[in-house]
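A closer look at the structure
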Amino acid sequence: MAEASVMAAPGAHSVEKSQRALWAAAIGNLLEWYDFGVYGFLAGLIAQKFFPGSDPTASLLASFAAFGVGFLARPLGGIVIGRLGDTRGRKAALVLTIFMMAFGTVGLGLLPSYESIGVLAPVLLLVLRLVQGLAAGGEWGTSTAFMIEWAPPGRRGFFGSFQQVSTAGGTLLGSGIAAIMTSSLAPELMLAWGWRVPFLLGAVLLLVGAYMRRNVEETPSYEANRNKVVEQPSVSGAVLGARAFGFTIFWTIAYYTLLVWMPTFTQKFAGLSPSQALWSNTVGLIAMVIAVPCWGALSDKVGRRPVLMASAILIGALCYPLLSLMAGGTGLALVLPIQILFGILLALYSGAGPAAIAEIFPTHLRSTWMTSGYALSVAIFGGFAPFIATWLIQTTGSPTAPSYLYLLPAAVISLLVIWSLKETAGTELK
């Protein structure tokens, strides 16, 4: 352990190398989450192209179910690619994920619709979503480990926050491009071919992300532990992974409910047009992206736990009254500031979260068990959040049902997990 501490000490890697590694991970991560998230913003059009039917709600549910299927593959991707990150290195795993995600995304952009090839179209759609899910399952934890392990001492919260800046940035890019396309094209052209453009643009981002990832070094912390004999039995890794699972429940439900699903909610209940809903969501994402590194840096000074708990408490308390206000159909003037507020509050968790979850694990177990715990939680709770939110509203008849039946219980569960964790800001990385 002493050897690992020495090799990961401040003099072991320059600030220049740390920054280059951070950008390589962040740009690749942005690509992957642009690719993975753009589906959610175009779900209504995808429902018409691949799940035609007489009931628009049923078609939308089928489209969101396909969105969720991509998350079912994430735990498997987390286990397989996460293990690769621990045995062959973070860099090898990250190069693999970026190529897999690009294949799935460009494939979606080229996929013939139900009108052309019948039932084979939704089948192939599901296959491509599974490929994306495998890539996403390995990406999040491995890129988080990569950033945290390259961070200078005392700045893991700030460096780790760029994992979420790039994740939200990818979602923001997807939302922005979908908004531009929706605003620029007539509805019939958007349905005919415009929906394909955001998926095909993923190929352009691939070239940049792949180049940067292939030209960075492995993390000092991983190199120090490359030949380390595993001192903890696998059951210890599983216990730590269970903590990561619980830690993620609120995070993923809040993210996919308040950001990815929100354009659907604001169109249906807040009186927004499709372009207004996407632009409002885009502004909320911008607010989140700006706030995340600020809260990450704050967690380096005041600790991870206070910042994380503030996010869960505030969103848990405010989600019902704020959704109620939006559901009144009062339009963009009210929806926009609420989405900005949600973005800033979620940024509290996303700023401190990457460092906090990574610090639960020792280096030789980090990629496998952090990725697995996180991906399993996202698969169960986050991927199907749009589907569950839509189903809760349909079942209860209340547009605010997702707030008190889904978001609030999730906040309580993750609060209990955070309370059980030791404060790790300012400690040495294990």
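Going by the structure above, here's the rest.
Residues numbered from 1 in each chain as written. Predicted model: local features only at pLDDT ≥ 70, side-chain atom pairs only at ≥ 80, totals over all residues. Heavy atoms only, no water.

A look at the nonpolar core
Formed by 121 residues in total, the largest nonpolar core has its most connected members in Leu125, Phe247 and Tyr256. Tyr256 has contacts with Trp33, Phe67, Phe71, Arg74, Trp261, Val378, Gly382, Ala385 and Pro386, leaving out every residue within four places of it along the chain. (Core = buried A, V, L, I, M, F, W, Y, C linked by side-chain atoms within 4.5 Å. Buried < 20%, exposed > 50% of the residue type's maximum accessible area, 1.4 Å probe, protein only. Contact = heavy atoms within 4.5 Å.)

As for the environment of Pro152
Topologically, Pro152 is positioned in the loop between α8 (120-150) and α9 (156-184). On the basis of relative accessibility, which here comes to 15%, the residue Pro152 falls in the buried class. (Helix = DSSP H or I, 4+ residues; strand = E, 2+ residues; numbered from the N terminus.)

Observations regarding the layout of surface pockets
Approximately 670 Å³ is the volume found for the largest pocket. Ala43, Gly44, Leu45, Gln48 and Gln267 are the residues nearest the centre of the largest pocket, which is lined by 29 residues in total. Going through the elements one at a time, α2 (15-41), α3 (43-50), α4 (56-72), α10 (187-192), α15 (262-269) and α16 (274-302) are the ones with two or more residues in the lining of the largest pocket. Within this model, the second largest pocket holds a volume of roughly 290 Å³. Contributions of two or more residues to the lining of the second largest pocket are made by α14 (234-260), α17 (304-326) and α21 (401-420). Looking at the lining of the second largest pocket element by element, the count peaks at three residues for α17. Along the lines of polarity and charge, the residues of the lining of the second largest pocket split into seven nonpolar, three polar and eight charged. (1 Å grid on protein atoms, 1.4 Å probe; cavity = no way out; pocket = protein on both sides within 12 Å on 5 of 7 lines; lining within 4 Å. Points joined across faces, edges and corners; volume = space filled by probe spheres on them. Nonpolar A, V, L, I, M, F, W, Y, C, P; charged D, E, K, R; others polar.)

A word on the packing of helix α5 (residues 74-87) against helix α6 (residues 90-110)
Helix-helix packing: each pair is described by the crossing angle between the helix axes and the interaxial distance. At their nearest, the axes of α5 and α6 sit 6 Å apart, and the two run at 150° to each other. When α5 is examined against α6, the residues Ile81, Leu84, Gly85 and Asp86 are found in contact with a partner set consisting of Arg90, Ala92, Ala93, Leu96, Thr97 and Met100. By residue class, the composition of the contact of α5 with α6 is six nonpolar, two polar and two charged. (Axes fitted to C-alpha atoms, helices over the stretch in contact; angles between N-to-C directions.)

What about the packing of aromatic side chains?
Inspection of every chain in the model, using the stated rule, returns 16 aromatic pairs. Look at Phe250 and Tyr349: their rings are 5.3 Å apart centre to centre, the planes differ by 65°, and that puts the pair in the edge-to-face class. Note that Phe250 is positioned in helix α14 and Tyr349 in helix α18 (residues 332-358), a separation of 99 residues in sequence. For the pair formed by Phe250 and Tyr349, the shared burial category is buried. Taken together, a centroid distance of 5.9 Å and an interplanar angle of 80° make the contact between Trp251 and Tyr374 edge-to-face. On the criterion of sequence distance, the pair formed by Trp251 in helix α14 and Tyr374 in helix α19 (residues 363-382) is long-range, its members being 123 residues apart. Across the pair, exposure class does not vary: Trp251 and Tyr374 are buried alike. In textbook terms, an aromatic cluster arises when at least three aromatic residues are bridged by ring pairs, as seen for Trp140, Phe247, Phe250, Trp251, Tyr349 and Tyr374. Residue placement shows Arg305 over the ring face of Trp419; its charged tip is 5.4 Å from the ring centre. (Phe/Tyr/Trp six-rings, centres within 6.5 Å; stacked < 30°, edge-to-face > 60°. Lys NZ or Arg CZ within 6 Å of the ring centre and 35° of its normal.)

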